[in-house]
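These are the residues of each chain, in order.
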Amino acid sequence: MTAAHKGVSASYADQLVMRIFSGIQPTGRKHLGNYIGAITQYVAGQDRGDPAIYCIVDLHAISVPYDPAELRERVLDTTAILVAAGLDPDRCVLFRQSDVPEHSELQWLLSSVTELGRLNRMHQFRDKSVAQRELVSAALLMYPVLQAADVLAYRAHEVPVGEDQREHLELMRDVAVRFNARFGEEVLVVPEHRIPEVGARVRDLQEPDRKMSTTGGSVQGTVLVLDEPKTIEKKFKRAVTDSEDPPTIRRGPDKAGITNLIEILATVRGVTPDAIEQDFADARYGDFKVAVGTEVAEWLAPVRERYDELRGDEAALEAMLAAGAEKARAMAAPTVADVRRVMGFGGS
Ligand code: TYM
């Protein structure tokens, strides 16, 4: 019995299919960092993933103070942004986390093989718990376990994310390894992260030593996907650069602002950062900033237009999410059943 199960379970990891999974927080304020670091990868993943699964993580959103009436709206905002950016619900699985109860159940089961001290030391927990003026919830501590459950429930092989998720990915890999070792079967697949070479850490335009973020960044330094083109151009025009003399458009550890702009434009144009350095070898900082702002605004304009159309039809968005949840549940339920079985629970 055990040997037979071992044989069957080992094949999960050996499958030739490439299951892709990623999650994104529900907010209408998705920024250029999310777009370059993650969303463009999600769109590309639709052609490689079998399937590509994308989840709007509303359960994670309650780990910090929030407004219940707003949460549903923000999920719909995010759904519309993702579809406007190119996700096609017929070519991927797009769903809302709280519609699939297997995530919460698996989180609890996995918490039994997760080390408390490790959760306490996670950077995100430390940063957010220090910044938090209201209640620091146990959910904030458990956040990475729920994130592990998200991915492991689907036996996903690959997780496209930005650089800031590296620590969470390492934890989920360790949880999967520990779970399999503890219960003696390869029930869970150990996933790999996919962090882009360029654009994995888009920086705040005003404070280029920090990552672009709607929670920790500056308003002027954060370019929102839904910003008006004029606003985008203005934010780039005011981007902080450096005082190198003569001013040079090249990447370097002492040139965080210019490096950031080079990488952003390289992504928009789909070329290497070297090509951007060559193209702008003789340009002044001011002209370079205008060029980046104009091209980013043009790049995002169609997304914003499609967003406006999609966001107007809430029933269609809800129907899309419901259909996605049904497909997601059909994949997550067998994993959770296997997990329950090896852990010694009945009834599955
Ligand atoms: P979230 O919603 O904060 O971010 C979504 C994605 O955007 C990436 N990102 C960035 N990439 C480049 N530069 C930046 N400045 C930047 N800021 C954000 C993030 O790396 C992420 O890929 N914990 C996750 C959500 C999550 C998840 C998951 C991700 C929940 N479960 C399972 C992967 C797998 C988060 O808060 O993402």
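Residues numbered from 1 in each chain as written. Predicted model: local features only at pLDDT ≥ 70, side-chain atom pairs only at ≥ 80, totals over all residues. Heavy atoms only, no water.

**Comments concerning the overall build of the protein**
Secondary structure summary: the protein contains 14 helices and 5 strands in total. The C-alpha radius of gyration computed for the protein amounts to 21 Å, which stays within 12% of the reference 20 Å derived for 348 residues, consistent with globular compactness. Taking the contacts inside the protein whose residues are at least 6 apart along the sequence as the reference set, 76% of them involve residues at least 24 apart. As displayed, the protein has an accessible area near 16,000 Å², and 51% of this comes from carbon and sulfur atoms. Side chains of the protein carry 42 positive and 53 negative charges; the gap between the two charge centres is 3 Å. (Helix = DSSP H or I, 4+ residues; strand = E, 2+ residues; numbered from the N terminus. Rg over C-alpha atoms; globule rule 2.2 N^0.38 Å. Contact = heavy atoms within 4.5 Å. Areas by Shrake-Rupley, 256 points an atom, 1.4 Å probe, with all protein chains shown as cover. Lys, Arg positive; Asp, Glu negative; His and termini not counted. Charge placed at Lys NZ, Arg CZ, Asp CG, Glu CD.)

**Topic: the UniProt feature "binding site: L-tryptophan" (unreviewed entry) in the protein**
Per the UniProt record, the feature "binding site: L-tryptophan" (unreviewed entry) sits at D150. Apart from the residues within four sequence positions on either side, D150 is in contact with F21, V57, H60, Q97 and H103. (UniProt positions renumbered as here; feature names shortened; annotations may be inferred.)

**So, the UniProt feature "binding site: ATP" (unreviewed entry) in the protein**
Following the UniProt record, the feature "binding site: ATP" (unreviewed entry) maps to Q25, P26, T27, G33, N34, G162, E163, D164 and V202 here. Within the element layout of this structure, G33 appears in helix 2 (residues 32-48). If we ignore the near neighbours within four places in the chain, the residues touching G33 are A38, V202 and M212. Checked against the element boundaries, V202 lands in the loop between strand 5 (192-194) and helix 10 (229-237).

**Description of the nonpolar core**
Counting residues in each nonpolar core, the largest one holds 52 residues, and the members touching the most others are L32, F236, I264, F288 and V296. Secondary-structure elements contributing two or more residues to this core are strand 1 (20-24), helix 2, strand 2 (52-56), helix 4 (68-85), helix 10, helix 11 (256-269), helix 13 (285-311) and helix 14 (314-343). Considering every element that reaches this core, the biggest residue donor is helix 13, with 9 residues. Split by domain, this core shows at least three residues from each of two domains, domain 1 (10-200 + 313-343) and domain 2 (229-308). Ignoring anything within four residues of it in the chain, the contact list for F236 reads L32, L205, V223, L261, I264, K289, V292, G293 and V296. Grouped together as the second largest cluster of nonpolar side chains are 44 residues, L119, M122, L152 and M331 included. (Core = buried A, V, L, I, M, F, W, Y, C linked by side-chain atoms within 4.5 Å. Buried < 20%, exposed > 50% of the residue type's maximum accessible area, 1.4 Å probe, protein only. Domains from an automatic or database assignment.)

**Some words on helix 5 (residues 102-111)**
Here helix 5 lies mainly inside the structure; 7 of its 10 residues are buried. In this fold, the buried residues of helix 5 make contact with strand 1, strand 2, strand 3 (93-96), helix 8 (138-152), helix 9 (166-183) and helix 14.

**Quick look at the pattern of salt bridges**
For the structure shown, the criterion picks out 34 salt bridges. For E228, the salt bridge is made with R304, and the minimal N-O distance between the two is 3.0 Å. Linking E228 in the loop between strand 5 and helix 10 with R304 in helix 13, this pair joins segments that are 76 residues apart in sequence. A salt bridge links E314 to R311, with the shortest nitrogen-to-oxygen separation between them at 2.9 Å. Its relative accessible area of 28% is what places E314 among the partly exposed residues. (Salt bridge = Lys/Arg side-chain N within 4 Å of Asp/Glu carboxyl O.)

**Looking at empty space enclosed by the protein**
Tallied over the entire structure, the rule returns 1 cavity of 30 Å³ or more. Taken as a whole, the largest cavity encloses approximately 60 Å³ of empty space. In this structure, the largest cavity is lined by V113, T114, E115, R118, L171, D174, V175 and R178. If one sorts the elements of the lining of the largest cavity by residue count, helix 9 sits on top with 4 residues. (1 Å grid on protein atoms, 1.4 Å probe; cavity = no way out; pocket = protein on both sides within 12 Å on 5 of 7 lines; lining within 4 Å. Points joined across faces, edges and corners; volume = space filled by probe spheres on them.)

**Details of the site of the ligand**
In the vicinity of the ligand, 28 residues are found, and the nearest of them are Q25, Y143, D150, G162 and D164. Here Q25 contributes a backbone N or O atom positioned 2.8 Å from an oxygen atom of the ligand. Take Q165: an N or O atom from its side chain is 3.1 Å from a nitrogen atom of the ligand. Of all the secondary-structure elements, those providing two or more residues to the shell around the ligand are strand 1, helix 2 and helix 8. Grouping the constituent residues of the shell around the ligand by class yields 11 nonpolar, 12 polar and 5 charged. (Near = heavy atom within 4 Å. Polar contact = N/O pair within 3.5 Å; in protein donor to acceptor, adjacent residues only side chain to side chain. Nonpolar A, V, L, I, M, F, W, Y, C, P; charged D, E, K, R; others polar.)

**A word on the domain arrangement of the protein**
What the domain assignment reports for the protein is domain 1 (10-200 + 313-343) and domain 2 (229-308). Taking only C-alpha atoms, the centre of domain 1 and the centre of domain 2 are 31 Å apart. With 11 residues of domain 1 in contact, the opposing surface of domain 2 contributes 11 residues. Taking both partners together, domain 1 and domain 2 bury about 980 Å²; carbon and sulfur atoms supply 77% of that area. Looking only at domain 1, the three residues that lose the most surface to domain 2 are L32, A84 and V198, adding up to 49% of its buried area. (Buried area = accessible area lost by both parts, 1.4 Å probe.)

**Describing the layout of surface pockets**
Take a probe with the size of a water molecule and roll it over the atoms, and the empty space left behind shows itself. Of the voids in this model, the second largest pocket is the one considered here, and its volume is about 280 Å³. Along the walls of the second largest pocket sit 15 residues, with I36, T40, Q41, P196 and V198 positioned nearest its centre. For the lining of the second largest pocket, the secondary structure elements donating two or more residues are helix 2, strand 4 (158-160) and helix 11. Among the elements that take part in the lining of the second largest pocket, helix 2 stands out by supplying 6 residues, more than any other. Taken together, the residues that form the lining of the second largest pocket break down as 8 nonpolar, 4 polar and 3 charged. When residues of the lining of the second largest pocket are assigned to domains, at least three fall in each of domain 1 (10-200 + 313-343) and domain 2 (229-308).

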